[in-house]
Amino acid sequence: KAGVTQTPRYLIKTRGQQVTLSCSPISGHRSVSWYQQTPGQGLQFLFEYFSETQRNKGNFPGRFSGRQFSNSRSEMNVSTLELGDSALYLCASSSSDQPGDGYTFGSGTRLTVV
Amino acid sequence: DAKTTQPTSMDCAEGRAANLPCNHSTISGNEYVYWYRQIHSQGPQYIIHGLKNNETNEMASLIITEDRKSSTLILPHATLRDTAVYYCIVRVRGANSKLTFGKGITLSVRP
């Protein structure tokens, strides 16, 4: 069974630009969550989508947005990038009918803002 | 904020058992204890979860105290590949319940 796939693995952007990250969940998983990981703040929840609807949202500014498609694939977008947005962005897919809710993380996208 | 407290770090010798403690004194009756680990530069990996009974799987054992205010993750025979940050999380069961990560405990397995 294929795992959670995140693309791209690495990305370098300039301040003020916008970026889109992609996440393909495990087949059959309808929930996709996004997390930001930085050395200072650790792992922080961004938002969660289920059946194309945002179901939960973390405490991040409106520059961070996401969406989910009918095939459960998800994208997150960050507009007007700031240096502090440099982080590892992790996507996880889950299914409540599996042990541990089947929460499975991808390997992440390492975003560097210069 | 995370509802758990863990020591910052610990180490153990390869082949020995690693016992990782976690305090969750404010846990609610419907909240489970979950453990995840994150090996450097990878996404977190689910290890085990439990409500009140002790649990065991192929990776580890989870011991939850009777009052449910603390738990211990046991890696019975630690290997170098078990070196990672281990997160103890309490949450309501269900895929729509987010994971709130604390700082975790860094386990270093020495040869």
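Going by the structure above, here's the rest.
Calculation rules
Residues numbered from 1 in each chain as written. Chains lettered and ligands numbered in written order. Predicted model: local features only at pLDDT ≥ 70, side-chain atom pairs only at ≥ 80, totals over all residues. Heavy atoms only, no water. Core = buried A, V, L, I, M, F, W, Y, C linked by side-chain atoms within 4.5 Å. Buried < 20%, exposed > 50% of the residue type's maximum accessible area, 1.4 Å probe, protein only. Helix = DSSP H or I, 4+ residues; strand = E, 2+ residues; numbered from the N terminus. Contact = heavy atoms within 4.5 Å. Polar contact = N/O pair within 3.5 Å; in protein donor to acceptor, adjacent residues only side chain to side chain. Disulfide = S-S within 2.5 Å. Salt bridge = Lys/Arg side-chain N within 4 Å of Asp/Glu carboxyl O. Buried area = accessible area lost by both parts, 1.4 Å probe. Nonpolar A, V, L, I, M, F, W, Y, C, P; charged D, E, K, R; others polar.

Please give an account of the nonpolar core that cites residues and values.
Residues and elements named next belong to chain B. Within the largest apolar cluster, 22 residues are counted, with the highest numbers of intra-cluster contacts made by Leu 20, Trp 35, Leu 73, Tyr 86 and Leu 107. Listed by contribution, the elements that provide at least two residues to this core are strand E2 (18-23), strand E3 (31-38), strand E4 (45-50), strand E6 (61-64), strand E7 (70-75), strand E8 (84-92) and strand E9 (105-110). Considering each element in turn, this core owes the most residues, four residues, to E8. Those residues in contact with Leu 107, other than ones at most four positions away along the chain, are Met 10, Asp 11, Cys 12, Ala 18, Leu 20, Leu 75, Asp 82, Thr 83, Ala 84 and Tyr 86.

Outline the side chain of Gln 38 of chain B, listing residues and values.
Tracing the chain through its elements places Gln 38 of chain B in strand E3. Looking at Gln 38 of chain B, the relative accessible area reads 9%, which means it is buried. Within the structure, Gln 38 of chain B has its side chain in polar contact with the backbone oxygen of Gln 42 of chain B (distance 2.8 Å). Non-local contacts of Gln 38 of chain B, meaning those with residues more than four positions away in its chain, are made with Gln 37, Leu 43, Leu 88 and Leu 90 of chain A together with Gly 43, Pro 44, Ala 84, Val 85 and Tyr 87 of chain B.

Requested: an account of the state of the cysteines, with residues and values cited.
Residue and element names in this part refer to chain A. If you walk through the whole model with that rule in mind, you get two disulfides over all chains. Bridging Cys 23 to Cys 91, the disulfide has an S-S length of 1.7 Å. Between Cys 23 and Cys 91 the sulfur-sulfur dihedral comes to about -50°; the bridge is accordingly left-handed. With Cys 23 in strand E3 (residues 19-24) and Cys 91 in strand E9 (residues 87-94), this pair connects stretches of sequence that are 68 residues apart.

Would you mind going over the pattern of salt bridges in detail, with residue names and values included?
What the rule picks out here adds up to eight salt bridges over all chains. The salt bridge partner of Glu 31 of chain B is Lys 3 of chain B, with a shortest N-O separation of 2.7 Å. Here Glu 31 of chain B, found in strand E3, pairs with Lys 3 of chain B, found in the segment before strand E1 (9-13); they are 28 residues apart in sequence, far enough to count as distant. For Glu 31 of chain B, a relative accessible area of 8% corresponds to the buried category. A salt bridge links Arg 110 of chain B to Asp 11 of chain B; its shortest N-O distance comes to 3.2 Å. Of this pair, Arg 110 of chain B sits in strand E9 while Asp 11 of chain B is found in strand E1, placing the two residues 99 residues apart along the sequence. According to the relative accessible area criterion, Asp 11 of chain B is partly exposed, its value standing at 47%. The structure contains a network of salt bridges with shared partners spanning Arg 63, Glu 82 and Asp 85 of chain A.

Lay out the interface of chain B and chain A with the relevant residues and their values.
Every contact between the two is made by 18 residues of chain B and, on the other side, 22 residues of chain A. Summed over both sides, the interface between chain B and chain A buries roughly 1,600 Å², with carbon and sulfur atoms accounting for 52% of that surface. One can count two residue pairs in polar contact (both at pLDDT 80 or more) joining chain B with chain A. Of all the elements in the fold, those that place two or more residues in the side of chain B that touches chain A are E3, E4 and E8 of chain B. Residue classes in the side of chain B that touches chain A are distributed as eight nonpolar, seven polar and three charged.

Note that every value here comes from positions in space, so none of it alone points to a role or purpose.
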